[in-house]
Amino acid sequence: MTALHYNPHASYEVSTSEVIYLDGPDGALQATIYRPQGSGPFPGLLDIHGGVWCGGERSDDAPMNLALAASGIVVVAIDYRLAPQNPYPAQVQDTNYAARWFKAHATDLDVDPAAIGGMGCSSGGHTVMLAAMRPNDGRYSALALDGGGDVDASFRYLICCWPVLDPFARYNYARNSGNDRLVTFTEFYFQTPEVMREANPQEILDRAEPATLPPTLVIQGANDGNVPLSIPQRFEETYRSAGGDIQVEMFPGMPHGFGNQPYPESQRAVELIKAFIARQLSPAVAGV
């Protein structure tokens, strides 16, 4: 346990900057760094945006990232390779690399490398969970990090917002409900149903495969037309049965992606996230 103490009630000015975190064979990938202006070290949070594995960009979660950074967290939001040009496991590889890059640059960012968590929204919730469950998988760690041989891709904790934790079940849900966009984009990324089931956090648990299970908070709108509630509900039960610590918070009436929209419940979601992070880093300051 790190000695770092995070106060979820703190308030900081936030600066933003852009950096190329990976300059690979498919081109440069950028990250936006949301940095509280104060004396650290701070905890860190790696943000993986959504977009059905085929779209979206690192600015998509800016409202949540700014609010979290203002409480004293350095947030790094990344772009990553997209399908169909880059199918699975490209996005998990980029996430694995970004986690190692973040830890390797923690001192420069005034971050405690032992206090870095992951956050993913929608398909990004799938990606960050899969990367967290298999931090040492050779397929995912295939991108070499210069000078980063002593860091790994594990996360202290996870925050999954309206996540696709069972892509095969969501694929069948989309097919049955006639959502051709979700069906097509899911096929672009995974290519086959067999891969949807192999690269599947829910089915990893169902198969009782060895997996890392960091403490996890799930933020879920109860009126989500993209993710049936049976997915997070079943995942919560299975994750806990496998020995994981998980908290699923339902938000009545809220749609998919509500946390980045100007709903009253969006602020409550951010406050829950801050309180969850405080509990993971220092139980003594978690009385919120």
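Caption draft 1: Fine view of the overall build of the chain. Helices and strands together make up the secondary structure of the chain, namely nine helices and eight strands. For the chain, the C-alpha radius of gyration of 17 Å lies close to 19 Å, the compact-globule estimate for 288 residues. Among the 288 residues that make up the chain, the fraction classed as buried is 56%. The long-range share in the chain, meaning contacts at least 24 apart out of those at least 6 apart in sequence, stands at 78%. Taken as a whole, the chain presents about 11300 Å² of accessible surface, with 49% of it coming from carbon and sulfur. The distance from the centre of the 18 positive side-chain charges to the centre of the 32 negative ones in the chain is 4 Å.

Caption draft 2: Structural view of helix α5 (residues 180–190). Listed in full, the buried residues belonging to α5 are Leu182, Val183, Thr186, Tyr189 and Phe190. Buried residues of α5 fall within an arc of 135 degrees about the axis and therefore sit on the same side. Those residues of α5 that are buried are in contact with α2 (90–104), α3 (123–133), α4 (167–177) and α6 (193–198). Trailing α5 by a residue or two, Gln191 shows a phi angle of about 75 degrees, which is positive.

Caption draft 3: Structural view of the side chain of Thr127. You can see Thr127 is positioned in helix α3. On the basis of relative accessible area, Thr127 is assigned to the buried category, the value being 0%. What Thr127 contacts, discounting residues up to four positions off in sequence, is Ile48, Trp53, Gln91, Val92 and Thr95.

Caption draft 4: Summary view of the packing of α4 against α5. For the pair α4 and α5, the least separation of the axes is 9 Å and the interaxial angle reads 145 degrees. The handedness of the crossing between α4 and α5 comes out as left-handed. Residues Pro167, Arg170, Tyr171, Ala174 and Arg175 of α4 lie in contact with α5, whose contacting residues are Leu182, Val183, Thr186, Glu187 and Phe190. Here the residues of the contact of α4 with α5 sort into six nonpolar, one polar and three charged.

Caption draft 5: The arrangement of the pattern of salt bridges in detail. Applying the stated rule across the entire model yields 16 salt bridges. Between Arg207 and Glu209 there is a salt bridge; the shortest N-O distance is 2.5 Å. Connected via shared salt-bridge partners are Arg134, Asp137, Arg139, Arg197, Glu198, Glu203, Arg207 and Glu209.

Caption draft 6: Quick look at the packing of helix α1 (residues 62–69) against helix α9 (residues 264–281). Look at α1 against α9: their axes get within 10 Å of each other, and the N-to-C directions meet at 45 degrees. By the angle between their axes, α1 is oblique relative to α9. Considering the relative orientation of α1 and α9, their crossing is right-handed. Taking contact as the criterion, the partners of Met64, Ala67 and Leu68 in α1 are, on α9, Val270, Ile273 and Lys274.

Caption draft 7: Fine view of the nonpolar core. By size, the foremost hydrophobic cluster in this structure holds 61 residues, and its most contacted members are Tyr21, Leu46, Val76, Ile78, Trp101, Phe102 and Met129. Leave out the neighbours within four places in its chain, and Trp101 touches Val19, Tyr21, Ile33, Val76, Leu109 and Leu145. Formed by 31 residues, the second largest nonpolar core is a distinct cluster that contains Ile159, Trp162, Phe251 and Met254.

Caption draft 8: Inspection of the sheet that holds strand β3 (residues 42–48) at higher detail. Pairing within the open sheet is mixed, and its eight strands lie in the order β1-β2-β4-β3-β5-β6-β7-β8. Since the sheet does not close on itself, it has two edges, and those belong to β1 (14–24) and β8 (246–251), each with one partner. Going across the sheet, the axis of each strand differs from the next one's by a mean of 20 degrees, ignoring polarity. α1 rests against β1, β2 (27–36), β3, β4 (74–78), β5 (111–121) and β6 (158–161) of the sheet, and its axis sits at about 40 degrees to β2.

Caption draft 9: Focus on the pairing of β8. Note that strand β7 (residues 216–221) and β8 share six bridges and pair parallel. Residue pairing for β8: Thr216 is matched across the bridge by Ile246. Once the chain exits β7 it traverses helix α8 (residues 230–241) before rejoining the sheet at β8, and the crossover so formed is right-handed.

Caption draft 10: Region of the structure containing the packing of aromatic side chains. Throughout the structure, instances matching the rule amount to 14 aromatic pairs. A centroid spacing of 5.3 Å and a plane angle of 35 degrees characterise the contact between Phe235 and Tyr239, whose relative ring orientation is tilted. On the criterion of helical spacing, the pair formed by Phe235 and Tyr239 is a turn pair, its members being four residues apart in helix α8. Its relative accessible area of 0% is what places Phe235 among the buried residues. When its relative accessible area of 0% is taken as the criterion, Tyr239 is described as buried. Among the aromatic residues, ring-to-ring pairing joins Trp53, Tyr88, Tyr140, Tyr189 and Phe190 into one connected group.

Calculation criteria
- Residues numbered from 1 in each chain as written.
- Predicted model: local features only at pLDDT ≥ 70, side-chain atom pairs only at ≥ 80, totals over all residues.
- Heavy atoms only, no water.
- Helix = DSSP H or I, 4+ residues; strand = E, 2+ residues; numbered from the N terminus.
- Rg over C-alpha atoms; globule rule 2.2 N^0.38 Å.
- Buried < 20%, exposed > 50% of the residue type's maximum accessible area, 1.4 Å probe, protein only.
- Contact = heavy atoms within 4.5 Å.
- Areas by Shrake-Rupley, 256 points an atom, 1.4 Å probe, with all protein chains shown as cover.
- Lys, Arg positive; Asp, Glu negative; His and termini not counted.
- Charge placed at Lys NZ, Arg CZ, Asp CG, Glu CD.
- Arc of directions from axis to C-beta.
- Axes fitted to C-alpha atoms, helices over the stretch in contact; angles between N-to-C directions.
- Left-handed = near helix turned anticlockwise from the far one by under 90°.
- Nonpolar A, V, L, I, M, F, W, Y, C, P; charged D, E, K, R; others polar.
- Salt bridge = Lys/Arg side-chain N within 4 Å of Asp/Glu carboxyl O.
- Parallel < 35°, antiparallel > 145°, perpendicular 65-115°, else oblique.
- Core = buried A, V, L, I, M, F, W, Y, C linked by side-chain atoms within 4.5 Å.
- Pairing = 2+ DSSP bridges.
- Right-handed = clockwise from strand over helix to strand, strands pointing away.
- Phe/Tyr/Trp six-rings, centres within 6.5 Å; stacked < 30°, edge-to-face > 60°.

By themselves, these figures tell us nothing about what the structure is for.
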